[in-house]
Amino acid sequence: MPPMSEAEWRAFLTEGTRTGKLATVRTDGRPHVAPVWFVLDDDGTVVFTTWHASVKGRTLLRDPRVAMSVDDQAPPYSYVIIEGTATISRDLDDLGAWATRIARRYMGDDLAESYGARNAVPGELLVRIHPTHVIGQSAISG
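The following refers to the structure shown.

Details of the overall build of the protein chain
Then comes step 1: For the protein chain, the count of helices and strands is four helices and seven strands.
Then comes step 2: Ordered by position from the N terminus, the helices and strands of the protein chain form the series α-β-β-β-β-α-β-β-α-α-β.
Then comes step 3: Rg of the C-alpha trace for the protein chain: 15 Å, near the compact-globule value of 14 Å for 142 residues, within the 12% margin.
Then comes step 4: With respect to the three principal axes, the spread of C-alpha positions in the protein chain is 45 × 40 × 25 Å.
Then comes step 5: In the protein chain, which comprises 142 residues, the share counted as buried stands at 39%.
Then comes step 6: Taken as a whole, the protein chain presents about 7,400 Å² of accessible surface, with 54% of it coming from carbon and sulfur.
Then comes step 7: When the 15 positive and 18 negative side-chain charges of the protein chain are each reduced to one mean point, those points stand 8 Å apart.

Rendered as structure tokens:
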């Protein structure tokens, strides 16, 4: 089975409400993995939010190297792994727009505005993963 093309992995990442499993590195070198709601920007960056004092927030502020895995847990099974570098913004207007867009994906139109407003507050971080390497495989089981 050939690897996914860029168009295929982008389509896979934007389908439905799959969560990303974000991997970061703790100060003592141990890995940390946490689920995240995310959206894909037009330029291919992965965008999500997190609280500054969470483990992932603290690790991202210290070390921007990340990996994220997104998978389809139903046959024939597929996945995308993104390696990259994270950048962080605290701009509340930008945070509000992206938090609402993320909420729309996972909670629907009716709750998007309220979830977006809830997450567009001081202390929340807007994170963008800039991919440096992407691996995608589809139909692993046949």
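Having put the structure on the table, let's press on.
Observations concerning the environment of A139
Then comes step 1: Among the secondary structure elements, A139 is positioned in the segment after β7 (124–137).
Then comes step 2: For the pair A139 and V66, spaced 73 residues apart in sequence, the C-alpha to C-alpha distance is 25 Å.

Concerning the environment of D94
Then comes step 1: Tracing the backbone through its elements, the reader meets D94 in helix α3 (residues 92–107).
Then comes step 2: On the accessibility criterion, D94 (26% relative accessible area) is partly exposed.
Then comes step 3: Apart from the residues lying within four places of it in its own chain, the contact partners of D94 are L126 and R128.

Points about the packing of aromatic side chains
The geometry of an aromatic ring pair comes down to the distance between the two centres and the angle between the two planes.
Then comes step 1: Using the criterion set out here, one finds two aromatic pairs in the structure.
Then comes step 2: Here W37 and Y106 contribute two aromatic rings whose centre-to-centre distance is 4.9 Å and whose plane-to-plane angle is 5°, an arrangement assigned as stacked. You can see W37 sitting in the loop between β2 (31–36) and β3 (39–40) and its partner Y106 sitting in helix α3, a full 69 residues away along the chain.
Then comes step 3: On the basis of relative accessibility, which here comes to 35%, the residue W37 falls in the partly exposed class.
Then comes step 4: Seen from their ring centres, W37 and Y115 are 6.4 Å apart, and the 35° between their planes marks the pair as tilted. Taken together, the residues W37 in the loop between β2 and β3 and Y115 in helix α4 (residues 109–119) connect sequence positions 78 residues apart.

Section: the environment of M4
Then comes step 1: You can see M4 is positioned in the segment before α1 (6–14).
Then comes step 2: With a relative accessible area of 12%, M4 lands in the buried category.
Then comes step 3: The spacing of M4 and G57 is 53 residues in sequence and 30 Å in space, taken between C-alpha atoms.
Then comes step 4: Apart from residues no more than four positions distant in its own chain, M4 is found in contact with W9, F12, S78, Y79, V80, G136, Q137 and S138.

Let's talk about the sheet that holds β3
Then comes step 1: The seven strands lie next to each other as β2-β1-β5-β6-β7-β4-β3, forming an open sheet whose pairing is antiparallel. Two strands close off the open sheet at either side, each with one partner strand: β2 and β3.
Then comes step 2: On top of the sheet, helix α2 (residues 55–62) reaches β1 (20–25), β2, β4 (46–51), β5 (65–72), β6 (78–89) and β7; it is set at about 55° to β1, its chief contact.
Then comes step 3: Strands in contact with α3 are β2, β3, β4 and β7; relative to β7, the strand with the most contacts, it is inclined by about 55°.

Describing the pattern of salt bridges
Then comes step 1: All chains considered together, the criterion is met by ten salt bridges.
Then comes step 2: The salt bridge partner of D72 is R18, with a shortest N-O separation of 3.5 Å. Here D72, found in strand β5, pairs with R18, found in the loop between α1 and β1; they are 54 residues apart in sequence, far enough to count as distant.
Then comes step 3: A salt bridge links D41 to R128; the shortest N-O distance between them is 3.2 Å. Here the residue D41 occupies a position in the loop between β3 and β4, and R128 occupies one in strand β7, the gap between them amounting to 87 residues.
Then comes step 4: Here D41 falls in the buried class, since its relative accessible area comes to 15%.
Then comes step 5: Residues joined by salt bridges that share partners form a network here, namely E15, R18 and D72.

Rules and cut-offs
- Sequence order as written defines residue numbering, which begins from 1 separately in each chain.
- Where totals are concerned, whole chains, interfaces and linings use all residues; where local detail is concerned, this predicted model gives features only for residues with pLDDT of at least 70, and gives and counts side-chain atom pairs only at 80 or more.
- Water and hydrogen atoms were dropped before computing side-chain values, which therefore reflect all heavy atoms in the structure.
- Secondary structure elements are defined from DSSP: runs of H or I of at least 4 residues count as helices, runs of E of at least 2 residues count as strands, and each element is numbered from the N terminus.
- For the radius of gyration, the atom set is restricted to C-alpha positions; the globular benchmark scales as 2.2 Å times the number of residues to the power 0.38.
- Note on classification: 1.4 Å probe, protein chains only; a residue is buried when its accessible area is under 20% of the maximum for its type, exposed when over 50%, partly exposed between these limits.
- Values of accessible area rely on a 1.4 Å probe in the Shrake-Rupley scheme; residue burial ignores everything except the protein chains shown.
- His is not counted, nor are the chain ends, whereas Lys and Arg count as positive and Asp and Glu as negative.
- A charge is said to be at NZ when it belongs to Lys, at CZ for Arg, at CG for Asp and at CD for Glu.
- Residue contacts follow a heavy-atom distance rule, with two residues in contact if any of their heavy atoms lie within 4.5 Å.
- Two aromatic rings from Phe, Tyr or Trp, using only the six-membered ring of Trp, form a pair when their centres are within 6.5 Å; if the ring planes differ by under 30 degrees the pair is stacked, by over 60 it is edge-to-face, and anything between is tilted.
- Here, any two strands with at least 2 DSSP bridges between them count as paired.
- The axes are straight lines fitted to the C-alpha atoms, using for helices just the contacting stretch, and the angles between their N-to-C directions are given from 0 to 180°.
- Every case where a carboxyl oxygen of Asp or Glu lies within 4 Å of a side-chain nitrogen of Lys or Arg is listed as a salt bridge.

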